[in-house]
Amino acid sequence: MESAPIPTVPGRPGCMGMSHGYGASDDEQSIATLHHALDLGVTLLDTADFYGFGHNEELIGRAVAGRRDQVVLATKFGFANRLGEPTLIRGDAVYVRQACEASLRRLGVDHIDLYYQHRVDPEVPIEETVGAMAELVQAGKVRHLGLSEASADTVRRAHAVHPITALQSEWSLWTRDLEPEIAPVCRELGIGIVPFSPLGRGFLTGRYGSVEGMADNDVRRGQPRFADGNLERNLAIVARLEKLAAAKDITAGQLALAWVQHRGDDVVPIPGTRRQRYLEENLAALAVELSPEDLAAIEAAAPAEQIAGNRYDPTSLTFVNG
């Protein structure tokens, strides 16, 4: 079985920050940014039922109304109680069907182009989950299937049930977990890779010297890499990236994003933003050419083993690479 390719588009914004994670946002500003993205030729928009307790899907639905034929819509399911305690991940067949119907309703569409399992349910065989997702494809409610933060073994088992189009996992200069095993399996099976947080939750742009200016409910305040001690060590890495970027007359964020893009033709990073200025900056990064020497210099400036702190708190880490 062959999986369908991820659409080739000039830019692919992740939309989480418009509803979730990084403090208050403005719906009208977000919609204006999304419309600007579509006007610039962007076609892939990435959301999830988890973002803003469904608000993000509703927002995307408003933004694409009347322009559905221009957009490849990707959304996700799996966090059954959203931010409840303890976190509840569901991948059972009943929930898969319920979640899809709810997402279709919020998005205001009759089908989802790329439907991801947001996190793997450790209590449900992946064969059951993907089997239920495959039924959605057969019913015409979903076009292609994806997984997020799945292990190499899970990806292989899932793909044996139904072709998996994409794996969405974190990949950036400071998160490289999938390089040893997961990325090679994806490439063996012809599965595209969609890195989220390719800018390290904005940190690799150089715009954050501390957490003091962040909203009280900004998720980065509780993440180890932004904690005292780790933050200072990571800032030193960003300073080295800024120096390399300045030599090319680009920003550190553009350099970091270009590095991810250069991981391969099968890599489709989805940097998030709420503002048109940063959308344009991210799109410009797609034109940045990096030589083998440039790539070596970037990796020497930001060696994986020198990144200080885990990417998530201990509880959240239990749900990655599942």
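Everything below is about the structure printed above this text.
Let me begin by describing the structure that accompanies this report. Just so you know, these numbers come straight off a predicted model, no measurement behind them. (Residues numbered from 1 in each chain as written. Predicted model: local features only at pLDDT ≥ 70, side-chain atom pairs only at ≥ 80, totals over all residues. Heavy atoms only, no water.)

A few words on the overall build of the chain. Each helix and strand in the chain was counted, giving eleven helices and six strands. Its C-alpha radius of gyration of 19 Å places the chain within 12% of the 20 Å reference for a compact globule of 322 residues. Seen through its principal axes, the chain has C-alpha atoms that stretch 55 × 40 × 40 Å. When the 322 residues of the chain are sorted by exposure, 58% land in the buried category. Restricting the contact set of the chain to residue pairs at least 6 apart, pairs at least 24 apart contribute 76%. Accessible area for the chain stands at about 13300 Å²; split by element, carbon and sulfur atoms hold 51% of it. When the 31 basic and 44 acidic side-chain charges of the chain are each reduced to a single mean position, those positions are 2 Å apart. (Helix = DSSP H or I, 4+ residues; strand = E, 2+ residues; numbered from the N terminus. Rg over C-alpha atoms; globule rule 2.2 N^0.38 Å. Buried < 20%, exposed > 50% of the residue type's maximum accessible area, 1.4 Å probe, protein only. Contact = heavy atoms within 4.5 Å. Areas by Shrake-Rupley, 256 points an atom, 1.4 Å probe, with all protein chains shown as cover. Lys, Arg positive; Asp, Glu negative; His and termini not counted. Charge placed at Lys NZ, Arg CZ, Asp CG, Glu CD.)

Next up on the list: the nonpolar core. Core analysis: the largest hydrophobic core is formed by 78 residues, its most contacted members being L45, L147 and L241. For this core, the element with the most residues is helix 3 (residues 93-107), which contributes seven residues. Of all hydrophobic cores here, the second largest spans twelve residues; its members include L44, A74, V194 and I270. (Core = buried A, V, L, I, M, F, W, Y, C linked by side-chain atoms within 4.5 Å.)

Working definition: an aromatic ring pair is given by the centre-to-centre distance plus the angle between the planes. In the structure shown here, the tally under the stated rule is six aromatic pairs. Members of the aromatic cluster, joined through ring pairs, are F50, Y51 and F79. Stacked on the ring of W174, the Lys or Arg R225 has its end atom at 5.0 Å from the ring centre. Taking the ring centre of W259 as reference, the NZ or CZ of R263 above it sits at 4.0 Å. (Phe/Tyr/Trp six-rings, centres within 6.5 Å; stacked < 30°, edge-to-face > 60°. Lys NZ or Arg CZ within 6 Å of the ring centre and 35° of its normal.)

One can describe the packing of helix 7 (residues 230-247) onto helix 10 (residues 292-301) by two numbers: an axis separation of 9 Å at closest approach and a directional angle of 155°. Between helix 7 and helix 10, the crossing angle belongs to the class labelled roughly antiparallel. The element helix 7 and its partner helix 10 pack so that their crossing is right-handed. Where helix 7 abuts helix 10, its residues I237, R240, L241 and L244 lie against A297, I298 and A301. Tallied by class, the residues present in the contact of helix 7 with helix 10 amount to six nonpolar, no polar and one charged. (Axes fitted to C-alpha atoms, helices over the stretch in contact; angles between N-to-C directions. Parallel < 35°, antiparallel > 145°, perpendicular 65-115°, else oblique. Left-handed = near helix turned anticlockwise from the far one by under 90°. Nonpolar A, V, L, I, M, F, W, Y, C, P; charged D, E, K, R; others polar.)

A few words now on the packing of helix 2 (residues 55-64) against helix 3. A pair of packed helices is characterised by two quantities: the angle between their axes and the separation of those axes. At a minimum axis distance of 7 Å, the contact between helix 2 and helix 3 shows a crossing angle of 45°. Judged by the inter-axis angle, helix 2 sits oblique to helix 3. Contact residues: helix 2 offers E57, E58, I60 and G61, while helix 3 offers S103, R106 and L107. Residue classes in the contact of helix 2 with helix 3 are distributed as two nonpolar, two polar and three charged.

One non-glycine residue, E149, lies in positive phi territory at about 55°. Relative to the elements of secondary structure, E149 occurs in the loop between strand 4 (142-148) and helix 5 (152-161). By relative accessible area, which is 0% here, E149 ends up buried. Despite not being glycine, N321 has its phi angle at roughly 55°, a positive value.

Helical periodicity: at 3.6 residues per turn, an α-helix aligns residues three or four positions apart in one direction. Buried within helix 5 are the following residues: A152, T154, V155, A158 and H159. In an axial view of helix 5, the angular spread of the buried residues amounts to 160°, which keeps them on one side of the axis. For helix 5, the secondary structure elements touched by its buried residues are helix 4 (126-138), strand 4, strand 5 (164-170) and helix 6 (182-189). (Arc of directions from axis to C-beta.)

What the six strands build is an open sheet, ordered 1-2-3-4-5-6; its pairing is parallel. The open sheet has two edge strands, strand 1 (44-46) and strand 6 (192-196), and neither has a second partner. This sheet shows a mean twist of 25° between the axes of neighbouring strands, independent of strand direction. Pairing of strand 5 with strand 6, which is carried by five bridges, proceeds in the parallel orientation. Residue pairing in the sheet places E170 in a bridge with F196 of strand 6. (Pairing = 2+ DSSP bridges.)

Counting buried positions along strand 4 yields five of seven residues, so the element is predominantly enclosed. Direction of pairing for strand 4 relative to strand 5: parallel, over a ladder of four bridges. Each bridged residue has a counterpart across the sheet, and for L147 the counterpart in strand 5 is L167. Regarding topology, helix 5 serves as the crossover connection from strand 4 to the parallel strand 5, and that connection is right-handed. (Right-handed = clockwise from strand over helix to strand, strands pointing away.)

As a further point, take the pattern of salt bridges. Taken as a whole and judged by the stated rule, the model has 21 salt bridges. The closest approach of N and O atoms between R62 and D27, which form a salt bridge, is 3.7 Å. You can see R62 sitting in helix 2 and its partner D27 sitting in helix 1 (residues 27-39), a full 35 residues away along the chain. A salt bridge links D294 to K248, with the shortest nitrogen-to-oxygen separation between them at 3.0 Å. A residue pair is termed long-range when its members are at least 10 positions apart, and D294 in helix 10 and K248 in the loop between helix 7 and helix 8 (252-261) qualify at 46 residues. Judged by its relative accessible area of 21%, D294 falls in the partly exposed class. (Salt bridge = Lys/Arg side-chain N within 4 Å of Asp/Glu carboxyl O.)

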